[in-house]
Amino acid sequence: MKDILSEIKSPADVRVLTTPEMYELSNEIRDFLIDSVSKTGGHLASNLGVVELTLSLFSEFNLDKDKIIWDVGHQTYIHKILTGRKDRFKELRKHNGMSGFPKRNESVYDFFDTGHSSTSISAALGFARARDLKNEDNNVVAVIGDGALTGGMALEALNDLGFKKTKMIVILNDNQMSISTNVGGLSSYLNKVRMEPEYNKFKKGINNKLNNSSAGKRIAKKLSKIKDSIKQLVVPSMLFEDMGLKYLGPIDGHNIEAMKNVLSKAKNIDEPVIIHVVTQKGKGYELAEKSPDKYHGVSPFNLENGEPINTARCNYSKVFGNALMKLAEKDENIVAITAAMPDGTGLKGFMGKYPERFFDVGIAEQHAVTLSAGMACSGLRPVFAVYSTFLQRAFDQVLHDVCIQNLPVVFAIDRAGLVGEDGETHQGIFDISYLSIIPNITIVTPKCLDEVEPLLAWALKQERPIAIRYPRGGDIIPELKALEKIEFAKWEVLDEGKDSKCAIISTGRMTQHSILAKEILNKEGIYPKLINATFIKPLDEGIIKKLSNEGYDIITVEDNVIKGGLGSNILLSLNNYGFKGTFKALGYNDEFVEQGDTTILYSEWNLDPKGIRDEVLKLLKTRR
């Protein structure tokens, strides 16, 4: 059997394939993906679902001039394979390896960096309008999933696109959400006719002639009303038509002939077109077909049974979810909100146990925050569980709708700090900075798994906005126990230290790293004071003032950027007390942190135990 995949080195190689060869290639790609991702981990189900769709796009468009903009970007593995990166899949999502998302610095065929959803239509529209202003001649295609279409930004872009009638193609990849289907011969006939260039030319000519006279305009208006009435009866998905986009579909996204036909016709229509494509997430791998959510983002797994090779015993998401269920048993006002992430945030159990108190709003973080604010105004106790990187998208709502009104909304910020392999678009290293500047909000963080439940219970009793940030994964020191008593704006002194007059102030997971660093230093005869900053905002002014008055040198350790982070805020406070010592803030510099195993990344930034130990020694050497 011919190995077609090995011969594909560039998009041009796809355009010369016959349709039977493309089907064969789709099988080879699926076999390669399943085998490769089982070893490296990554996004599997979403990529298995767009194999034929991607091949059809590559067949009908010339990527040396045409632009394809992928939403989110986790479904671009086939795109990467077809653009000469197949041999790099061994290093997928690894440190200094190939990204799991489109990257402009990785290939000339990656036209726009993505990682967050609902952005493709806006970006593609930017490309299309730049093309028109520069008098260029190329096609622009945005590929967006039905889930991403729930994001307000996508709808804003569609509204703009339809209103200005910019020539562009939107591929709506429908693999999960229920979108009305046009069925029957009449619908198929309408789609076929409406795609024909002759029909569109004829329609334009008739409209021009009718609009030349007042009588003609009246006839055109009546015909338009009749047409709209028929469309509402026979084409349920006329939302897009009403927004000004020509709707085509639904098309079987695994039928290459049908896909090539509709794409060929669509690129000759001189106005915005949306093509509704239906695909099956996880297609080609039975386990992923049955449980596409389970195989959305996977760690390395066993091919035969689909089970992860390394499974964490416990993690912060699970502990949070269990704690929230337990607390909800005693308080019927507790409600949980998620933005399309019930599994990832640990809320699946809550969803099953309290379905009437669980709200999945789709990929709509802004809406989720303001929804929470409205619930809080009505006496409920909303908990919005969200990844740190995605809460960035709702900054204004946190500030304007929650914090100005000082509402008791709890933000359960998952994946705070480094997340590793998903790279710079997903690292949660900015939340301390962007939340700290907002009045009224309180930011706390557990130093260990055991501290999640008491902090959550405490937060749900407060009459103010509370953000609880916690990392991906589990504990490094399993035996670590929770703080016995939570007092507002009070830190925990874990070790008083002796002799060195050096204090380490750490927070969250970095406290565990600092404990291990202290143990190394103790063996070397250095005994720093170790403080766990349970409260990131407000600071423990009493401890800060005491450290300053007693002449301590201070090093802060946080899983966040240094600018605007815990360390910089502590330094501002120290200056109020006439601090004369030496100060060092450990965190991430003013740059994005790329992908890689977190162990490697922590080491690079001196945030692992050895790195913290080294920085303490440097600090002590600079003493005046």
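Computed from a predicted model, the values in this text were never measured in an experiment.

### Overview of the overall build of the protein
On a plain count of helices and strands, the protein comes out with 25 helices and 19 strands. Pairs at least 24 apart in sequence give 76% of the contacts found in the protein among residues at least 6 apart. Summing over all exposed atoms, the protein offers an accessible surface of approximately 26,800 Å²; the carbon and sulfur share of this is 52%.

### What to know about the sheet that holds strand β12 (residues 442-444)
The seven strands are arranged β9-β8-β10-β11-β13-β12-β17 in an open sheet whose pairing can be described as mixed. Taken across any chain shown, the strands that pair with only one partner, and hence form the sheet edges, are β9 (358-360) and β17 (535-537). On average, adjacent strands in this sheet sit at an angle of 20° to one another, irrespective of strand direction. In the sheet, β12 pairs with β17 via two bridges, with the strands oriented antiparallel. Paired with Val-444 across the two strands is Phe-535, which belongs to β17. Across the sheet, helix α14 (residues 316-330) touches β8 (334-338), β10 (381-387) and β11 (410-414), and the angle it forms with β8 is around 150°.

### Some points on the UniProt feature "binding site: Mg(2+)" (unreviewed entry) in the protein
Using the residue numbers shown here, the UniProt feature "binding site: Mg(2+)" (unreviewed entry) corresponds to Asp-146 and Asn-175. For the residues just named, distributed over 30 residues, the greatest C-alpha separation is only 7.0 Å, placing them together at one site. Along the chain, Asp-146 falls in the loop between β3 (140-145) and α7 (152-164). Its place among the elements puts Asn-175 in the loop between β4 (169-174) and α8 (185-195).

### Remarks on helix α22 (residues 541-549)
All buried positions along α22 are accounted for by Ile-543, Ile-544, Leu-547 and Ser-548. Each buried residue of α22 sits inside an arc of 135° when the element is viewed along its axis, so together they form one side. Against β14 (492-495), β15 (502-506), β16 (529-532), β18 (553-561) and α23 (566-576) lie the buried residues of α22. Between a side-chain oxygen at the N-terminus of α22 and the backbone nitrogen of Gly-542 the separation is 3.2 Å; the capping residue is Asp-540. Looking one or two residues past α22, Gly-551 carries a phi angle of roughly 75°, positive in sign.

### Notes on the pairing of strand β6 (residues 273-278)
Burial within β6 is extensive, with five of its six residues counted as buried. Two elements, β4 and β6, share six bridges in a ladder whose sense is parallel. Within the sheet, the bridge partner assigned to Val-170 lies in β6 and is Ile-274. Here strand β5 (residues 246-252) runs beside β6; their pairing, made up of five bridges, is parallel. Note that in β6 the partner of Leu-248 across the bridge is Ile-275. Chirality of the crossover, the property in question, places the unit of β5, helix α12 (residues 256-266) and β6 among those that are right-handed.

### Some words on unusual backbone geometry
For the bond from Gly-249 to Pro-250, the omega torsion is 0°, close enough to zero to count as cis. Examined against the element boundaries, Pro-250 turns out to sit in strand β5. Following Lys-537, the chain continues to Pro-538 via a peptide bond in cis, the omega torsion being -5°. Looking at where Pro-538 falls in the secondary structure, it is placed in the loop between β17 and α22. One non-glycine residue, Asn-440, adopts positive backbone phi at about 80°. Unlike most non-glycine residues, Asp-499 shows phi in positive territory, near 70°. Residue placement: Asp-499 occurs in the loop between β14 and β15. Residue classification places Asp-499 among the exposed positions, given a relative accessible area of 70%.

### Some details on the packing of aromatic side chains
Under the defined criterion, the tally for this structure stands at 17 aromatic pairs. Their ring planes at 50° and their centres at 5.1 Å tell us that Phe-350 and Tyr-354 sit as a pair that is tilted. For the ring pair Tyr-387 and Phe-390, a centre distance of 5.7 Å and an interplane angle of 10° mean the geometry is stacked. Residue classification places Phe-390 among the buried residues on the basis of a relative accessible area of 13%. Feature note: the residues Phe-32, Tyr-77 and Phe-89 constitute an aromatic cluster, connected by ring pairs. Between Lys-267 and the ring centre of Phe-61, over which it is positioned, the NZ or CZ distance is 5.3 Å. Seen from the ring of Phe-488, Arg-464 lies directly overhead, with NZ or CZ sitting 4.5 Å from the centre.

### Concerning the sheet that holds β6
Pairing within the open sheet is parallel, and its five strands lie in the order β2-β3-β4-β6-β5. A strand with exactly one partner marks an edge of an open sheet, and here the two such strands are β2 (67-70) and β5. Going across the sheet, the axis of each strand differs from the next one's by a mean of 20°, ignoring polarity. Packed on one face of the sheet, α12 meets β4, β5 and β6 and runs near 165° to β5.

### Things to note about the UniProt feature "binding site: thiamine diphosphate" (unreviewed entry) in the protein
Those places that UniProt annotates as "binding site: thiamine diphosphate" (unreviewed entry) correspond, in this numbering, to His-74, Gly-115, His-116, Ser-117, Gly-147, Ala-148, Asn-175, Tyr-285 and Glu-365. Within the element layout of this structure, Gly-115 appears in the loop between α5 (77-85) and α6 (120-133). By relative accessible area, which is 5% here, Gly-115 ends up buried. When you line up the elements, Ala-148 lands in the loop between β3 and α7.

About the criteria used
- Residue positions are given per chain, counting from 1 as you read along its sequence in written order.
- pLDDT decides what is reported in this predicted model: residues at 70 or higher carry local features, side-chain atom pairs at 80 or more are listed and counted, and totals for whole chains, interfaces and linings draw on all residues regardless.
- Side-chain numbers come from the whole structure's heavy atoms, not from hydrogens or water.
- Counting from the N terminus, the helices are DSSP H or I runs at least four residues long and the strands are E runs at least two residues long.
- Should any heavy atoms of two residues lie within 4.5 Å, those residues are considered in contact.
- Per-residue and other accessible areas follow the Shrake-Rupley method at a 1.4 Å probe size, with only the shown protein chains counted as cover for residues.
- When DSSP finds at least two bridges between two strands, those strands are taken to pair.
- All axes here are fitted lines through C-alpha atoms, helices being fitted over the stretch that makes contact, and every angle between N-to-C directions spans 0 to 180 degrees.
- UniProt positions are given in the numbering used here, feature names are shortened, and annotations may be inferred rather than shown by experiment.
- Only protein chains enter the area calculation, which uses a 1.4 Å probe; residues under 20% of their type maximum are buried, those over 50% are exposed, and those in between are partly exposed.
- The arc in question is formed by the directions pointing from the helix axis toward the C-beta atoms.
- Here a polar contact is recorded for every N or O atom pair within 3.5 Å, except that within protein the pair must consist of a potential hydrogen donor and a potential acceptor, and residues adjacent in sequence are included only if both atoms are side-chain atoms.
- Here a crossover is taken to be right-handed if, once the strands point away from the viewer, the path from the first strand over the helix to the second is traced clockwise.
- In summary, the pairing rule links any two rings of Phe, Tyr or Trp, Trp by its six-membered ring, whose centres are within 6.5 Å, and it sorts them by plane angle into stacked for under 30 degrees, edge-to-face for over 60 and tilted for everything else.
- Definition used: whenever NZ (Lys) or CZ (Arg) falls within 6 Å of the ring centre and also within 35 degrees of the ring normal, the charge is taken to sit over that ring.

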